[in-house]
There are 2 protein chains.
Amino acid sequence: MNFHYPNGKPYIPKAKSEGFKKDKVKNSTYSNRGMTLEEDLNETNSYYLERQIAIIHKKPTPVQIVQVDYPKRSAAVIKEAYFKQASTTDYNGVYKGKYLDFEAKETKFTSSFPLKNFHPHQIQHMSGVLRQDGICFVILRFSTLEEVYLLQAHHLLEFWKRMEEGGRKSVTKGEIEKLGHRIPLGLQPRIDYIKVINYLYNLS
Amino acid sequence: MNFHYPNGKPYIPKAKSEGFKKDKVKNSTYSNRGMTLEEDLNETNSYYLERQIAIIHKKPTPVQIVQVDYPKRSAAVIKEAYFKQASTTDYNGVYKGKYLDFEAKETKFTSSFPLKNFHPHQIQHMSGVLRQDGICFVILRFSTLEEVYLLQAHHLLEFWKRMEEGGRKSVTKGEIEKLGHRIPLGLQPRIDYIKVINYLYNLS
């Protein structure tokens, strides 16, 4: 029997391949990091894509391939590879001619968002995107509270700078509430961040 | 001893991992496909990035990961994975606020460019990018002739349509010369496609 979501899409059980991620982060402070939020955003981006609202894709996980086998009569099998550090954010694409670029992260903490969720490379990338007049932001999820915020990259860069100058290593919840924009969780799409972008950049 | 390129960048010998691509395409009609052109474009994009001209990255090769080992005290090793079909073009990024998106392909043929170099998914993606007012094109290299052209996506889509309606399965060299824009090969950057974009979209 096949199950379907309310939107008619078939329910596809998680592929074996997705299991490793869960294992990987089990020992991490943010045990759910990058899982639910990623699924919600993928679903949201599919929604935008199908309705021709925006074209936003998650970049594939960068992998350094070392050894590949070519068995006869079947597909090439990668036998040895390693995860590489991403040099950009995970998501980008186009909306009404504009370049959109963002990173999505979640935390189990409830009173602040640790900046170590971001890599210096990503911060540098965001800074470059802003210089090119791209629209750049982060989507932050407080998983315990089930709250999701959009925070524009120029704010994040300020907090990063504060940390580099010896200040706190996180952004307080209060700061995110004040400077960011809460995204109400929906069913279709689940995380309607384009609505916030319309508001912030007068694009609707 | 370390070698450096004229621009001061250290020369890094090709990683073992890059070997597989060469092996992979050896039996193909276009034995050099995706190699030299990719290197030239990566170098060009680094040039743009360092000088804050544009931020364009090649997307990582999409891989379906099936099995990962976590040896003690060392990095996770991917032990089984497969190449996936890309659903978008390979390159995208931002230039002066605009979304740029392109695919790069080469052929050994000298009188036409076979359309089978593109996948239906990519064609669909390009069509969507144009609907979102993104800047979308292909970079075509005739490797035997050492000639590189930029052809805007709307032209490619016309040729694709012609094929679907029973017409020829390639774009003639003459058509590319007429509708495309030859990119002279340089040293720094090697394939200065932004110059053509400036001209076509009045962005300089």
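This text follows the structure it describes.
Numbering of residues starts from 1 in every chain and runs along the sequence as written. Working convention: letters from A go to chains and numbers from 1 go to ligands, in the order in which they are written. Two thresholds apply to this predicted model, a pLDDT of at least 70 for residue-level local features and 80 or more for giving and counting side-chain atom pairs, whereas whole-chain, interface and lining totals are computed over all residues. In computing side-chain values, all of the structure's heavy atoms are included and hydrogens and water are not.

K.L.:
Go over the relation of the copies chain A and chain B with me, naming the residues and quoting the values.
P.N.:
Structural alignment of chain A on chain B gives an RMSD of 0.0 Å, achieved by rotating through 180° and translating 0.0 Å along the axis. Taken together, the rotation and translation relating the two chain copies correspond to the operation of a two-fold axis. Contact between two residues is taken to exist if any of their heavy atoms lie within 4.5 Å; hydrogens are not considered. Both copies present the same face, since 98% of the interface residues in chain A are matched by interface residues at the equivalent positions in chain B. For the least-squares superposition of copies, only C-alpha atoms count, and only for residues with pLDDT at least 70 in both.

K.L.:
Can you lay out the interface of chain A and chain B for me, pointing to particular residues and giving the numbers?
P.N.:
When the parts come together, some accessible area is lost, and that loss is often what is quoted as the size of the interface. Each partner contributes to the interface: chain A provides 46 residues, whereas chain B provides 45 residues. Defined in terms of a 1.4 Å probe, buried area is the accessible area two parts forfeit on being brought together, summed over both. Counting each side, the surface lost to burial between chain A and chain B is near 3,700 Å², with a carbon and sulfur contribution of 64%. Interface area lost by chain A to chain B is led by Ile78(A), Tyr99(A) and Gln132(A), which between them contribute 17%. Salt bridges are defined as contacts in which a side-chain nitrogen from Lys or Arg sits within 4 Å of a carboxyl oxygen from Asp or Glu. Here chain A is connected to chain B by zero salt bridges.

K.L.:
Could you give an account of the sheet that holds strand 3 (residues 77-83) of chain B, naming the residues involved and the relevant values?
P.N.:
In short, DSSP must find at least two bridges between two strands for them to pair. The numbering of helices and of strands both runs from the N terminus, where a helix is a DSSP run of H or I of at least 4 residues and a strand a run of E of at least 2. Taken in spatial order, the four strands make up an open sheet running 2(A)-3(A)-3(B)-2(B), and their pairing is antiparallel. Strand pairing shows two members of the sheet lacking a second neighbour, strand 2 (63-69) of chain A together with strand 2 (63-69) of chain B, which therefore form its edges. Strand-to-strand twist across the sheet, computed as the mean angle between neighbouring axes with direction ignored, equals 30°. Strand direction decides the pairing type here: strand 2 of chain A and strand 3 (residues 77-83) of chain A, joined by six bridges, are antiparallel. Across the sheet, residue Asp69(A) finds its bridge partner in strand 3 of chain A, namely Val77(A). Here the axes come from fitting lines to C-alpha atoms, over the contacting stretch only for helices, and the angles between their N-to-C directions go from 0 to 180 degrees.

K.L.:
So, unusual backbone geometry: which residues are in play, and what are the values?
P.N.:
With an omega of -10°, the peptide bond between Gln188(A) and Pro189(A) qualifies as cis. One non-glycine residue, Arg73(A), lies in the positive phi region at around 60°. Turning to its location among the elements, Arg73(A) is positioned in the loop between strand 2 and strand 3. Phi at Gln52(B) takes a positive value of approximately 55°, unusual for a residue other than glycine. Looking at the secondary structure, you find Gln52(B) in the loop between helix 2 (36-50) and strand 1 (55-58).

Spatial relationships are all this shows, so hold off on functional conclusions.
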